[in-house]
Amino acid sequence: MTTLSFTEDGVDVVYEGTEFRLERDLVEDATQKDYFDVTDHEVLRIVETDPHISGEARQIGDIVDEQ
């Protein structure tokens, strides 16, 4: 299971027991979108080759605003 934790500066990821951080610039470069417009599903696709995605996609901007 992959865990994503979003902040204004990037995403903290736990993938198969390994913790790492995707910086905001890296996410923007990978998606060619503004960081706050990227969805959690898009970030999951960066991390995993074939992710199991369920539920509705949420923009990082909305997730950070709720915290």
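Structure report, in brief. Model, not experiment: these values are computed from the prediction.

So, how was this worked out
- Residues numbered from 1 in each chain as written.
- Predicted model: local features only at pLDDT ≥ 70, side-chain atom pairs only at ≥ 80, totals over all residues.
- Heavy atoms only, no water.
- Helix = DSSP H or I, 4+ residues; strand = E, 2+ residues; numbered from the N terminus.
- Contact = heavy atoms within 4.5 Å.
- Salt bridge = Lys/Arg side-chain N within 4 Å of Asp/Glu carboxyl O.
- Buried < 20%, exposed > 50% of the residue type's maximum accessible area, 1.4 Å probe, protein only.
- Pairing = 2+ DSSP bridges.
- Axes fitted to C-alpha atoms, helices over the stretch in contact; angles between N-to-C directions.

The next point concerns the side chain of His-41. Mapped onto the fold, His-41 is located in helix 2 (residues 40–47). Sequence-distant contacts of His-41, defined by excluding residues within four places in its chain, comprise Ile-53, Ser-54, Gly-55, Glu-56 and Ala-57.

Applying the stated criterion across every chain, the model contains 5 salt bridges. For the salt bridge of Glu-42 with Lys-33, the shortest nitrogen-to-oxygen distance reads 3.0 Å. Overall, Glu-42 belongs to the partly exposed group, its relative accessible area being 21%. Take Lys-33: its relative accessible area is 32%, and that puts it in the partly exposed class.

What follows is about the sheet that holds strand 3 (residues 18–23). The antiparallel open sheet is built from 3 strands, whose spatial order is 1-2-3. Unpaired on one side and paired on the other, strand 1 (2–6) and strand 3 mark the two borders of the sheet. With strand direction ignored, the average angle separating the axes of adjacent strands in the sheet is 20°. Two elements, strand 1 and strand 2 (residues 10–15), share 5 bridges in a ladder whose sense is antiparallel. Pairing of Phe-6 across the sheet is with Val-11, part of strand 2. Packed onto the sheet, helix 1 (residues 24–31) meets strand 2 and strand 3 and runs at close to 75° relative to strand 3. Sheet strands touched by helix 2: strand 1, strand 2 and strand 3. Its angle to strand 1, the strand with the most contacts, is close to 130°.

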